[in-house]
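Per-entry structural report
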Amino acid sequence: MKKLIIHGDPGVRRDGVIEHDGEEYVLFSVDRQGDWHGPDRVQLWCTVGTEDEREAFEKREFVPHWLETEGVDAEAVEVVRERGAA
């Protein structure tokens, strides 16, 4: 599990699936930042992981401040599924 800051909006939402650096991740949570007061492009602050890590996320069996954090441009993310079943 890790934090992924996406610069720009590739069109993904919670429970969507993305591919980055050859690995597939499920978006457990997505916080949209920067709509009102900048920066120039919106940022999506996402908690991502594999489907095996979903239970740990739901039970909060992790410390958010200790997660590895990576920033990427929206163009570097391939959207596999935009969102979960609504």
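Above this note sits the structure.
Since the model is a prediction, treat every value here as computed from it, not as a measurement.

1. Notes on the environment of aspartate 35
Mapped onto the elements, aspartate 35 comes out in the loop between β3 (23-33) and β4 (43-49). Between the C-alpha atom of aspartate 35 and that of glutamate 23, which follows or precedes it by 12 residues, the distance is 29 Å. A polar contact is formed between the side chain of aspartate 35 and the side chain of arginine 32, at a distance of 2.9 Å.

2. Some remarks on the environment of glutamate 61
Within the secondary structure, glutamate 61 sits in the loop between α1 (54-58) and β5 (68-73). Put simply, glutamate 61 and proline 39 are 22 residues apart on the chain and 32 Å apart in space, counted from C-alpha to C-alpha.

3. Quick notes on the pairing of strand β1 (residues 2-7)
A large share of β1 lies buried, amounting to 5 of its 6 residues. Sheet topology note: the β1/β4 ladder contains 6 bridges and is antiparallel. Looking at β4, one finds that lysine 3 is bridged to threonine 47. Where β1 meets β5, 6 bridges bridge the pair, whose relative direction is parallel. Bridged to isoleucine 6 within β5 is valine 72.

4. Some points on the pattern of salt bridges
Pairs can form between side chains of opposite charge once their charged atoms are near each other. Summed over the entire model, instances satisfying the criterion amount to 9 salt bridges. Of the charged contacts in the structure, one is a salt bridge between arginine 54 and aspartate 15, with a shortest N-O distance of 3.2 Å. With a gap of 39 residues between them, arginine 54 in helix α1 and aspartate 15 in the loop between β1 and β2 (17-20) connect regions that are remote in the sequence. For arginine 54, a relative accessible area of 18% puts it in the buried group. For glutamate 75, the salt bridge goes to arginine 41, with nearest N and O atoms at 3.7 Å. Here glutamate 75 is found in the loop between β5 and β6 (78-81), whereas its partner arginine 41 is found in the loop between β3 and β4, with 34 residues between them in sequence. Given a relative accessible area of 36%, arginine 41 falls into the partly exposed group. Within this structure, Asp9, Arg13, Arg32 and Asp35 form a network of salt bridges that share partners.

The rules behind these values
- Residues numbered from 1 in each chain as written.
- Predicted model: local features only at pLDDT ≥ 70, side-chain atom pairs only at ≥ 80, totals over all residues.
- Heavy atoms only, no water.
- Helix = DSSP H or I, 4+ residues; strand = E, 2+ residues; numbered from the N terminus.
- Polar contact = N/O pair within 3.5 Å; in protein donor to acceptor, adjacent residues only side chain to side chain.
- Buried < 20%, exposed > 50% of the residue type's maximum accessible area, 1.4 Å probe, protein only.
- Pairing = 2+ DSSP bridges.
- Salt bridge = Lys/Arg side-chain N within 4 Å of Asp/Glu carboxyl O.

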